[in-house]
Amino acid sequence: MQYLAVFFLAMELAHRVALGVVMITVIILSVVLTVWSERRVAAFIQHRVGPNRVGPFGLLQPFADVMKLLFKEDVVPSSANRFYHVLAPMISLFAAMTTVAVVPFANGIAIADVNVGMLYILAITSLGVYGLTIAGWASNNKYSLLGGLRSSAQMISYELAMGLSVVSVIVLADSLNMTNIVESQTANPLYWNCFRNFLGFVCFTVAAFAECNRAPFDLPEAEQELVGGYNTEFGAMKFAMFFLAEYANMIVASMVIVTLFLGGYQVPFWSEAPWFVQVGAFAAKTVLMIFVFIWVRWSVPRFKYSQLMNLGWKSLLPLALLNLLLVAAGVLLLGGK
Amino acid sequence: MDVSGILFVFLGAQIIVATVGTVWSRNPVTSALFLVLNFFALGGLYLLLEAQFIAVVQVIVYAGAIMVLFLFTIMLLNLDNERALAEKFDLRKGFAVLLGGVLLVELLYIIGLKTPIPIKQTALTTVQLGEAKYIGRELLTNFLFPFEIVSILLLLAVVGAIVLAKKNFTTSPKS
């Protein structure tokens, strides 16, 4: 009997590890695709052609870029702190990759469907900033340091608005569990949180842009004033890891936005959809969000630092607070769902 | 020894190493990062006690917010030269040592006595303690008074921070 229990435990563990490996592969491949589509969409928006020579439609361009980076020399500046210089990209990538663990891809398909799923995401995303900050500090370069400082200030400022809009979602769903949050939005698109909780959706999306350091919030790596920001002194695969982390962050942020506000894996008007349809719906919504990320980057110019702080503290935070108040009052009056 | 026992020893060792590292590191950034490691291990210990909620909040609040601010300050001040930081022995430090010694004696005394200290107990089971819902309900009913006291304390700290910032602002030389 005991052996059987151990066997089932091992099977469960193996199942999760396998799912995790699959998800990491999927994310890395989607990073490749996202990099390619970012360049193509940017080219389209700017009336250019974009990369179209390597492979069909230029699809193999990212692979060629990675090969180039792989064969470059790995340089650590002589005055840099070697240990932290190596550690920083690892932290960034770790934080970007582990967030996906609690995201449900279909009903019952998640690597770890824990009860505090939403808080886990907040915890891990708040750790990602260490990668950038340490990278900036360890490079021993004033531009890098400024980039690192900017990123930590930015993260702290936007985390509050993000957390508050998450609270409004939790109030609506009456649970911290990601699957429950998706289930509470039902298969009827009108009940999805982007309509029920519109202000929260806007606040969270803006804060997610800031947390991912995506344009218009890409001040930590503002090329014009900071050379390359926190990653100025990084080359070869270490730079590639930062790059990978940035795009993985964007993909995972899209997944989280989809889960919290766009009904997650719910297929419109088909509540009993089989799991592969649900995974497909989830993927389609995620791709849509990634497109929005790219679209915004090539449409909105970068903020000034004062604008960034004003937006975070004077607009977004009060808005998120007001939204929480409204949602809580609504739930009290209408009795939840 | 079962799995949780092994994990406990592992996390405990990690906490001890991280704490010693925090105190002994000559580099302030290393100290801060050791402290982050310490908070992580502490979160792990909470998980072992099935207090999921407290474990995650521990990581969010301490590792994710407070230590980022610490690191920010350390980097902004650029505390490279740790010799300049080393303080001479003065009266304040002596007083701190005295107070610390008194606290240590008190703690040892209480542990030595093994008398149950009157602490308000909660009726929650360990599994319930892990869930945000039960903790929230308990905080706003049974423990409302301490909860509000802590809120006022935090509010005071915020007001104090603003007062300090304002004071510096007016007395600093005009740039």
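Colleague: Even after reading the chapter, I still don't get the overall build of chain B, so can you show me in this structure?
Modeller: For chain B, the helix and strand inventory stands at eight helices and zero strands. Listing the helices and strands of chain B from first to last along the sequence gives α-α-α-α-α-α-α-α. By the burial criterion, 22% of the 175 residues in chain B qualify as buried. Long-range contacts, defined here as pairs at least 24 residues apart, represent 50% of the contacts in chain B between residues at least 6 apart. Surface summary for chain B: the accessible area is close to 13200 Å², and the carbon and sulfur share equals 74%.

Colleague: Any chance you could explain the overall build of chain A here in plain terms?
Modeller: Helix and strand counts for chain A stand at 12 helices and zero strands. The secondary structure elements of chain A, listed N-terminal to C-terminal, are α-α-α-α-α-α-α-α-α-α-α-α. For chain A, the C-alpha radius of gyration of 21 Å lies close to 20 Å, the compact-globule estimate for 337 residues. Seen through its C-alpha atoms, chain A measures out along the principal axes to roughly 60 × 55 × 45 Å. Accessible surface, chain A as shown: approximately 15700 Å² in total, 72% of it carbon and sulfur. Positive and negative side-chain charges in chain A, numbering 19 and 17 respectively, have mean positions lying 8 Å apart.

Colleague: Before we go on, may I ask you to explain the packing of helix α1 (residues 2-45) of chain A against helix α2 (residues 61-70) of chain A in this structure?
Modeller: All names here are of chain A. Viewed as axis vectors pointing N to C, α1 and α2 meet at an angle of 110°, and their least axial separation amounts to 8 Å. The orientation of α1 relative to α2 falls into the category roughly perpendicular. Where α1 crosses over α2, the two elements pack in a sense that is right-handed. Two secondary-structure elements touch here, α1 through Val32, Trp36 and Arg39 and α2 through Gln61, Pro62, Phe63 and Asp65. A per-class count over the contact of α1 with α2 returns four nonpolar, one polar and two charged.

Colleague: What exactly am I supposed to notice about the packing of helix α5 (residues 142-173) of chain A against helix α3 (residues 52-77) of chain B here?
Modeller: Geometry of a packed helix pair, given as the angle between the helix axes and the separation of the axes. For the pair α5(A) and α3(B), the least separation of the axes is 10 Å and the interaxial angle reads 150°. Overall, the two elements α5(A) and α3(B) adopt an arrangement that is roughly antiparallel. In terms of crossing hand, the pair formed by α5(A) and α3(B) is left-handed. Where α5(A) approaches α3(B), its residues A:Leu145, A:Leu149, A:Ser152, A:Ala153, A:Ile156 and A:Glu159 are matched on the opposing element by B:Gly64, B:Ala65, B:Val68, B:Leu69, B:Phe72, B:Met75 and B:Leu76. For the contact of α5(A) with α3(B), the residue count by class is 10 nonpolar, two polar and one charged.

Colleague: What should I look at first to understand the interface of chain A and chain B in this one?
Modeller: Interface size is commonly expressed as the accessible surface area that is lost when the partners come together. Residue-level contacts link 23 residues of chain A with 25 residues of chain B. Together, the buried faces of chain A and chain B total about 2000 Å²; carbon and sulfur atoms form 77% of this surface. When residues of chain A are sorted by the area they lose upon contact with chain B, A:Tyr130, A:Trp137 and A:Leu149 head the list and together hold 28% of the total. Put simply, chain A and chain B have zero salt bridges between them. For the interface between chain A and chain B, the tally reads two residue pairs in polar contact (both at pLDDT 80 or more). Secondary-structure elements contributing two or more residues to the side of chain A that touches chain B are α4 (117-138) and α5 of chain A. At 11 residues, α4(A) tops the list of elements feeding residues into the side of chain A that touches chain B. A per-class count over the side of chain A that touches chain B returns 16 nonpolar, five polar and two charged.

Colleague: Sorry, what's going on with a nonpolar patch on the surface here?
Modeller: Residues and elements named next belong to chain A. Taken together, the side chains of Val66, Met67, Leu70, Phe71 and Met237 make up a nonpolar region of the molecular surface, amounting to roughly 490 Å² of accessible area. In terms of residues, the nonpolar patch owes the most to one element, α2, which gives three residues. Residue position: Met67 is located in helix α2. Exposure remark for Met67: the relative accessible area of 43% places this residue in the partly exposed category.

Colleague: Could you clarify how one ought to interpret the confidence of the model for chain B in this entry?
Modeller: As a general rule, the predicted coordinates of low-pLDDT regions are not to be interpreted in detail. Residue and element names in this part refer to chain B. When pLDDT is averaged across chain B, the result is 80; 78% of the residues are at 70 or more. No element of chain B has a lower mean pLDDT than helix α4 (residues 82-85), which averages 58, and none a higher one than helix α1 (residues 3-24), which averages 88. This prediction of the complex comes with two scores: 0.82 for pTM and 0.78 for ipTM.

Colleague: Sorry if this is basic, but what is going on with the nonpolar core here?
Modeller: Side chains of a nonpolar character, in soluble globular proteins, are inclined to be buried together. Grouped together as the largest cluster of nonpolar side chains are 107 residues, with contacts concentrated most on A:Tyr130, A:Phe204 and A:Leu260. Per-element tally for this core: the top contributor is helix α10 (residues 236-261) of chain A, with 15 residues.

Colleague: Help me out: how do you make sense of the packing of aromatic side chains in this one?
Modeller: We describe a pair of aromatic rings using the distance from one ring centre to the other and the angle between the two ring planes. Residues and elements named next belong to chain A. Tallied over the entire structure, the rule returns 13 aromatic pairs over all chains. With a centroid separation of 5.1 Å and 50° between ring planes, the pair formed by Phe243 and Tyr247 is classed as tilted. With Phe243 and Tyr247 both in helix α10 and four residues apart, the pair spans about one turn of that helix. A relative accessible area of 4% places Tyr247 in the buried class.

Colleague: I tried to follow the side chain of A:Glu38 on my own but got confused; where do I start?
Modeller: All names here are of chain A. Here Glu38 shows up in helix α1. Among the polar contacts made by the side chain of Glu38, one reaches the side chain of Tyr247 at a distance of 2.7 Å. Residues contacting Glu38, with those up to four places away along its chain left out, are Arg214, Tyr247, Ile294, Arg297 and Trp298.

Colleague: Got a minute to help me understand the pattern of salt bridges in this structure?
Modeller: Side-chain pairing between opposite charges can occur once the charged atoms of the two side chains come close. All names here are of chain A. Applying the stated criterion across every chain, the model contains four salt bridges over all chains. Across the pair Arg39 and Asp65 runs a salt bridge, and its minimum N-O distance is 3.3 Å. Placement of Arg39 in helix α1 and of Asp65 in helix α2 is noted, with a sequence separation of 26 residues between them.

Colleague: What exactly am I supposed to notice about α10(A) here?
Modeller: Three or four residues apart is the spacing at which side chains of an α-helix point the same way, because the helix has 3.6 residues per turn. Residue and element names in this part refer to chain A. Taking 1.5 Å of rise per residue, 26 residues should cover 38 Å, and α10 covers 37 Å from first to last C-alpha, within 8% of that figure. Here α10 lies mainly inside the structure; 21 of its 26 residues are buried. Phi turns positive one or two residues past the end of α10, at Gly263, with a value near 80°.

Analysis parameters
- Residues numbered from 1 in each chain as written.
- Chains lettered and ligands numbered in written order.
- Predicted model: local features only at pLDDT ≥ 70, side-chain atom pairs only at ≥ 80, totals over all residues.
- Heavy atoms only, no water.
- Helix = DSSP H or I, 4+ residues; strand = E, 2+ residues; numbered from the N terminus.
- Buried < 20%, exposed > 50% of the residue type's maximum accessible area, 1.4 Å probe, protein only.
- Contact = heavy atoms within 4.5 Å.
- Areas by Shrake-Rupley, 256 points an atom, 1.4 Å probe, with all protein chains shown as cover.
- Rg over C-alpha atoms; globule rule 2.2 N^0.38 Å.
- Lys, Arg positive; Asp, Glu negative; His and termini not counted.
- Charge placed at Lys NZ, Arg CZ, Asp CG, Glu CD.
- Axes fitted to C-alpha atoms, helices over the stretch in contact; angles between N-to-C directions.
- Parallel < 35°, antiparallel > 145°, perpendicular 65-115°, else oblique.
- Left-handed = near helix turned anticlockwise from the far one by under 90°.
- Nonpolar A, V, L, I, M, F, W, Y, C, P; charged D, E, K, R; others polar.
- Buried area = accessible area lost by both parts, 1.4 Å probe.
- Salt bridge = Lys/Arg side-chain N within 4 Å of Asp/Glu carboxyl O.
- Polar contact = N/O pair within 3.5 Å; in protein donor to acceptor, adjacent residues only side chain to side chain.
- Patch = residues over 30% accessible without salt bridge, like charges linked within 9 Å, V, L, I, M, F, W, Y side chains within 5 Å.
- pLDDT = per-residue confidence, 0-100.
- Core = buried A, V, L, I, M, F, W, Y, C linked by side-chain atoms within 4.5 Å.
- Phe/Tyr/Trp six-rings, centres within 6.5 Å; stacked < 30°, edge-to-face > 60°.
- Expected span 1.5 Å × (residues − 1).

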